[in-house]
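# Structural overview for review
Take a look at the letters that make up each chain.
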Amino acid sequence: MKHLFYFLFAALLFAGCEKEPVAKEFKIDPMATINIKPAVNGWQKSPAMRVSSDNPLHLSALEIVKQTTEISLLDSTGVLWGRSFIKEQRDTISEPPKLLMWATDVISLDGNLQIGFLGNWIEAIDVIFVHYNLDTPNLRDTIAYIPNSVLRNAETAIRDAYEAQDIEACYQLFNDAYTFTPITGAEWRALKANNQN
């Protein structure tokens, strides 16, 4: 009986020493990208083709990817930011073509959501794609934009996936959530004047 008591005591002791399951680390792949693709409804024909729409000044998705010099945006504090693209951030081969940003623009390498001063992408508004004409100094053209509704939907979905610590859902959103639409500078100014973005 004494041996049975010691056996039960040892079993309880070992059961109490079991470690809590270790939570999976929420680490972003440093090479993961955010794909900024053309909106499906932004063109009447295939986005890769030149549009035949109400405005012949609109560029095709491929032309926008090739010609975007920088993205201009306002962060949550109202500060204007611009970010340029290098050759490796222009995917002109895929269908549809796309511009690439880094996933670390949203989630840092240590697993924190990028918000505040340096985290200007997830909370951005008024994102426009700008082409600088290098032959004519100070001449810039607005050639596309990401509607604020698209930005807010992406932000909400990414925050939800982040809170759930669902890295695969974050990657899926980085691949699909951000889409751009062709626009001219005059159309953009009219959109803003009418508070329609």
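Residues numbered from 1 in each chain as written. Predicted model: local features only at pLDDT ≥ 70, side-chain atom pairs only at ≥ 80, totals over all residues. Heavy atoms only, no water.

## Comments concerning unusual backbone geometry
In this chain, Glu95 is followed by Pro96 through a cis amide linkage whose omega measures 5 degrees. For Pro96, the location among the structural elements is in the loop between β4 (90-91) and β5 (98-102). Notably, Gln165 is not glycine yet its phi reads approximately 55 degrees, a positive angle. In this fold, Gln165 is placed in the loop between α3 (148-163) and α4 (167-176). The partly exposed category is assigned to Gln165, whose relative accessible area is 42%. For Asn195, which is not a glycine, the phi torsion comes out positive at approximately 50 degrees. On the secondary structure map, Asn195 appears in the segment after α5 (185-193). (Helix = DSSP H or I, 4+ residues; strand = E, 2+ residues; numbered from the N terminus. Buried < 20%, exposed > 50% of the residue type's maximum accessible area, 1.4 Å probe, protein only.)

## A closer look at the pattern of salt bridges
Counted by the stated rule, this structure contains 7 salt bridges. A salt bridge links Arg159 to Glu123, with the shortest nitrogen-to-oxygen separation between them at 3.0 Å. Linking Arg159 in helix α3 with Glu123 in the loop between β5 and β6 (125-132), this pair joins segments that are 36 residues apart in sequence. Measuring nitrogen to oxygen at the nearest pair gives 2.9 Å for the salt bridge that ties Arg152 to Glu155. Of the two residues, Arg152 and Glu155 both sit in helix α3, 3 residues apart, roughly one turn of that helix. The exposure class assigned to Arg152 is partly exposed, which follows from its relative accessible area of 26%. Under the relative-accessibility criterion, Glu155 is labelled buried at 13%. What you see here is one network of salt bridges that share partners, running through Glu123, Arg152, Glu155 and Arg159. (Salt bridge = Lys/Arg side-chain N within 4 Å of Asp/Glu carboxyl O.)

## Points about the nonpolar core
Judged by nonpolar contacts, the single largest core of 39 residues is most densely connected at Ile36, Trp121 and Phe129. For this core, the leading source of residues is α3, giving 6 residues. For Trp121, the contacting residues outside a window of four places in its chain are Ile34, Ile36, Ile71, Leu73, Met101, Asp105, Val106, Val127, Ile146 and Tyr178. In terms of nonpolar packing, the next biggest core, distinct from the first, is built from 6 residues, Ile128, Val130, Tyr145 and Leu191 among them. (Core = buried A, V, L, I, M, F, W, Y, C linked by side-chain atoms within 4.5 Å. Contact = heavy atoms within 4.5 Å.)

## With respect to the confidence of the model for the protein
With 77% of its residues at a pLDDT of 70 or more, the protein has an overall mean of 80. Taking the mean pLDDT of every element in the protein, the minimum, 45, falls on helix α1 (residues 2-16) and the maximum, 95, on α3. Every residue in residues 1-23 is under pLDDT 50, and counting partners more than four places away or in other chains gives 0 contacts. Note that pLDDT drops below 50 for residues 49-53; the model gives that stretch 13 contacts with residues more than four away or on any other chain. (pLDDT = per-residue confidence, 0-100.)

## Some words on the sheet that holds β5
An order of β3-β2-β6-β7-β8-β1-β5-β4 is seen for the 8 strands of this open sheet, with the pairing classed as mixed. With one partner strand each, in any of the chains shown, β3 (80-84) and β4 form the two edges of the open sheet. Note that β4 and β5 share 2 bridges and pair antiparallel. Bridge pairing in β5 places Asp91 opposite Lys98. Of the strands in this sheet, β1 (33-38) and β8 (178-182) touch α4, which is tilted by about 35 degrees from β1. (Pairing = 2+ DSSP bridges. Axes fitted to C-alpha atoms, helices over the stretch in contact; angles between N-to-C directions.)

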